[in-house]
Amino acid sequence: MTTTLRPAGPEERHDDGTRARRYDVCVNSRRVGGVRLATDAQFGAAAGRIADLRIDPADRRRGRATVAALAAEEVLRGWGCRQIELTVPAEAGAAVRLAAALGYIERGRTLSKPLTEAPRLPEGSRDRPLSAGEYPAWRDAAVAEYVRTQVAQGTSRDRAEEAARADHHALLPDGAETPGQVLRLLVHGGTDVGHLWVALGRPGQPGGYVVDVRVAPDHRGRGHGRTLMLVAERISLAAGDAVLGLYVYADNAPARRLYDSLGYRPAAYRLWKPVL
């Protein structure tokens, strides 16, 4: 039996050069599932993304997903992609194992934690709102750090800078006063030692979401990162959200240890592999 991909609709092309198309997964022309292929929003036309790969229950455990994934890689290679991205829910054990077998490696993971009661902050620590006057300097530093992180992950500087400006404009149109976006500074012993950005009611996210959390370089290694996460949990609970999520890069071992110690668990893995 031959497993192939058959176009299930017209190709979508966009002004920025990205493209997408849905395909049926077929065995001898019989549809057994589907997949959506696209170029990646973060990395652009040189990176492909495999999304929504599904095999119908009656046709599972027969290697259909493996062959479909390999066929998808060939389509994306034909598009000129040199790397492939995919996101796998943590509870999809079979998909996680398949991705590992096909050579995908972890880029980062989304973490989540159910919240029950507001934690107490350590003695001498408190949080305060970021003021409108402080916002421009905070925004410029946050954009610069976002660009640095994205470039380190392989995004071109031009694309990273464009995305940073667009994201901050879309998420914070009213600056520090934007509804549903909470910006806080952590104060310890009368000194600002870090900042926090929590989004409430983010689409596709059940609860609060930590967009950015950072301790000032001169104050690291003193537990302030943990305190900032406790502040985030308090903010989420105060807004009526009993779940808090965030994203962490695979190579950020200190942050991963911190989140693990606080009870955050994987919700999804972002994976990638080069296409030779």
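Conventions used here
Residues numbered from 1 in each chain as written. Predicted model: local features only at pLDDT ≥ 70, side-chain atom pairs only at ≥ 80, totals over all residues. Heavy atoms only, no water. Helix = DSSP H or I, 4+ residues; strand = E, 2+ residues; numbered from the N terminus. Buried < 20%, exposed > 50% of the residue type's maximum accessible area, 1.4 Å probe, protein only. Contact = heavy atoms within 4.5 Å. Areas by Shrake-Rupley, 256 points an atom, 1.4 Å probe, with all protein chains shown as cover. Salt bridge = Lys/Arg side-chain N within 4 Å of Asp/Glu carboxyl O. Patch = residues over 30% accessible without salt bridge, like charges linked within 9 Å, V, L, I, M, F, W, Y side chains within 5 Å. Lys, Arg positive; Asp, Glu negative; His and termini not counted. Charge placed at Lys NZ, Arg CZ, Asp CG, Glu CD. Expected span 1.5 Å × (residues − 1). Phe/Tyr/Trp six-rings, centres within 6.5 Å; stacked < 30°, edge-to-face > 60°. Pairing = 2+ DSSP bridges.

### A look at the overall build of the protein
Broken down by element type, the protein carries six helices and 13 strands. C-alpha atoms of the protein, sized along the principal axes, occupy 70 × 40 × 30 Å. Here the protein holds 276 residues, and the buried ones make up 44% of them. Expressed as a percentage of contacts within the protein between residues at least 6 apart in sequence, the contacts between residues at least 24 apart total 62%. Taken as a whole, the protein presents about 14500 Å² of accessible surface, with 51% of it coming from carbon and sulfur.

### A few points about the pattern of salt bridges
Tallied over the entire structure, the rule returns 26 salt bridges. The partner of R270 in a salt bridge is D40, and the shortest N-O contact between them spans 3.3 Å. Note that R270 is positioned in strand β13 (residues 265-274) and D40 in strand β4 (residues 30-40), a separation of 230 residues in sequence. D40 carries the same exposure label as R270, and that label is buried. Between K273 and E73 there is a salt bridge whose closest N-O contact spans 3.3 Å. Of the two residues, K273 is situated in strand β13 and E73 in helix α1 (residues 64-78); the sequence distance between them amounts to 200 residues. If you follow the salt bridges from partner to partner, you end up with D40, R49, E85, R107 and R270 in one network.

### Re a negative patch on the surface
On the surface, D15, D16, D158 and E162 cluster together to form a negatively charged patch. With respect to the helices, strands and loops of the structure, D158 is situated in helix α4 (residues 157-171).

### Remarks on α1
For α1, spanning 15 residues, the distance from its first C-alpha to its last is 21 Å, which sits close to the expected 21 Å at 1.5 Å a residue. Next to the buried residues of α1 lie β1 (3-7), β3 (19-27), β4, β5 (44-55), β6 (83-89) and β13. One or two steps after α1, the chain reaches G80, where phi turns positive at roughly 95°.

### A closer look at the packing of aromatic side chains
By the definition in use, this model includes four aromatic pairs. Taking 6.2 Å as the distance between ring centres and 70° as the angle between the ring planes, the aromatic pair formed by Y259 and Y264 counts as edge-to-face. Judged by its relative accessible area of 2%, Y264 falls in the buried class. Members of the aromatic cluster, each reached through a chain of ring pairs, are Y135, W138 and W197.

### Focus on the pairing of strand β10 (residues 191-199)
On a regular strand, each side chain points to the face opposite its neighbour's, so the side chains alternate between the two faces of the sheet. Taken across its nine residues, β10 has seven buried, putting it largely inside the fold. Here strand β9 (residues 181-188) runs beside β10; their pairing, made up of eight bridges, is antiparallel. Bridge pairing in β10 places L186 opposite G194. Hairpin connection between β9 and β10: a loop of two residues separates the two successive antiparallel strands, and G189 in this loop has a positive phi of roughly 60°. The pairing of β10 with strand β11 (residues 208-215) spans six bridges and is antiparallel. Residue pairing in the sheet places A199 in a bridge with Y209 of β11.

### Focus on the side chain of H224
Relative to the helices and strands, H224 is located in helix α5 (residues 224-238). Not counting the four nearest positions on each side in its chain, H224 is found in contact with L186, H188, V193, V215 and H219.

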